[in-house]
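Here is how the chains run, residue by residue.
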Amino acid sequence: MVNYSERIASILALIFVLAGIAPLTGCMTTTVTSRSGFEVPTEAPKTRGVTRLIFAGDIQPVVRISPHYPDKEFKREREGTVVIEFTILATGQIGQLRLIESSGEDFAQAAGMAMRGVLFQPGYAGQTLRVEAQFLILRAGASG
């Protein structure tokens, strides 16, 4: 017995491909123009904020999240670092955090929030490690 809904779907997909229209399934690309109601940048930004977590020691997380660059600090083009000491729970999640050093409260909050999403192998439970969060400004033409 022929499954008509599958056959119709494949015929429609073929028609879309032949007509140059993206099919209803899979990846679609949307071109944003000024008429779309969105602000369209005319050139690449001169600066961008880059963040990263650098873990001390041989133990590396299986899931890591980059901190959000605080908007206020990015607008001021201010860079910073945060050093945090933490313990790993039996689940592999981050336990208690202890701030060791910080370039500012906004940086410390962003690094702390990112650390809540980091996950280690559960076998590392009880380990105490340090992480350095770096907040860097890259200017146009700089390599990173």
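Every chain begins its residue count from 1, and numbering advances along the sequence as written. Per-residue local features of the predicted model are confined to residues with pLDDT of at least 70, and side-chain atom pairs are confined, for both listing and counting, to 80 or more; whole-chain, interface and lining totals are unaffected and use all residues. Note: side-chain values were computed over all heavy atoms of the structure, leaving out hydrogens and water.

With that out of the way, let us pick up the pairing of strand β3 (residues 94-102). Note that strand β2 (residues 80-88) and β3 share six bridges and pair antiparallel. The residue of β3 that forms the bridge with V83 is E101. Strands qualify as paired when DSSP identifies two bridges or more between them. A helix here means a DSSP run of H or I that spans at least four residues, while a strand means a run of E at least two residues long, and both kinds are numbered starting from the N terminus. Counted along the chain from β2 to the antiparallel partner β3, the turn is five residues long, and its residue G92 has a positive phi close to 95°.

Looking now at the packing of aromatic side chains. Classification of ring pairs rests on two measures: the distance between centres of Phe, Tyr or Trp rings, Trp counted by its six-membered ring, which must be within 6.5 Å, and the angle between planes, read as stacked under 30 degrees, edge-to-face over 60 and tilted in between. By the definition in use, this model includes seven aromatic pairs. Residues Y69 and F107 carry aromatic rings whose centres are separated by 6.0 Å and whose planes lie at 80° to one another, so their mutual orientation is edge-to-face. Taken together, the residues Y69 in the loop between β1 (47-55) and α2 (71-75) and F107 in helix α3 (residues 105-115) connect sequence positions 38 residues apart. A single burial state applies to Y69 and to F107, both of which are buried. Here F107 and F135 contribute two aromatic rings whose centre-to-centre distance is 4.7 Å and whose plane-to-plane angle is 40°, an arrangement assigned as tilted. Placement of F107 in helix α3 and of F135 in strand β4 (residues 128-139) is noted, with a sequence separation of 28 residues between them. The exposure classification of F107 matches that of F135, with both residues buried. The buried label applies to any residue whose accessible area, calculated with a 1.4 Å probe on protein chains only, is under 20% of its type's maximum; exposed applies above 50%, and partly exposed to all values in between.

On to the nonpolar core. Side-chain atoms within 4.5 Å are what join buried Ala, Val, Leu, Ile, Met, Phe, Trp, Tyr and Cys residues into a set we call a nonpolar core. Counting 20 residues, the largest nonpolar core has F55, F86, M115, F120 and F135 as the members making the most contacts within it. When residues of this core are traced back to their parent elements, those giving at least two are β1, β2, α3 and β4. For this core, the element with the highest residue contribution is β4, accounting for five residues. By the convention used here, residues are in contact when the closest approach between their heavy atoms is within 4.5 Å. Sequence-distant contacts of F86, defined by excluding residues within four places in its chain, comprise F55, I94, Q96, L97, M115, F120, Q127, T128, L129, R130 and V131.

Okay, the pattern of salt bridges next. Between Lys or Arg on one side and Asp or Glu on the other, a salt bridge is scored when a side-chain nitrogen of the former is within 4 Å of a carboxyl oxygen of the latter. Summed over all chains, the structure comprises five salt bridges. Across the salt bridge formed by K72 and D106, the nearest N and O atoms sit 3.2 Å from each other. Taken as a pair, K72 in helix α2 and D106 in helix α3 lie far apart in primary sequence, 34 residues in all. Each of E73, R76 and R78 takes part in a single network of salt bridges with overlapping partners.

A word on the sheet that holds β3. Strand pairing in a sheet is mediated by backbone hydrogen bonds. Such pairs are either parallel or antiparallel. Reading across from one edge, β1-β4-β2-β3 is the order of the four strands in this open sheet, with antiparallel pairing throughout. Unpaired on one side and paired on the other, β1 and β3 mark the two borders of the sheet. Averaged over all adjacent pairs, the angle separating strand axes in this sheet is 25°, with direction ignored. As paired strands, β2 and β4 are joined by eight bridges and run antiparallel to one another. The residue bridging I84 from the neighbouring strand is V131, located in β4. Axis definition: a line fitted to C-alpha atoms, over the contacting stretch in the case of helices. Angles run 0 to 180 degrees between N-to-C directions. Its contacts with the sheet place α3 against β1, β2, β3 and β4, and it is angled at close to 35° to β2.

Let us look at the environment of L89. As for its placement among the helices and strands, L89 is situated in the loop between β2 and β3. A relative accessible area of 39% places L89 in the partly exposed class. Taking the C-alpha atoms as reference, L89 lies 9.3 Å from G123; in sequence the two are 34 residues apart. Residue contacts for L89: discarding those within four places in its chain leaves I94, G95 and A125.

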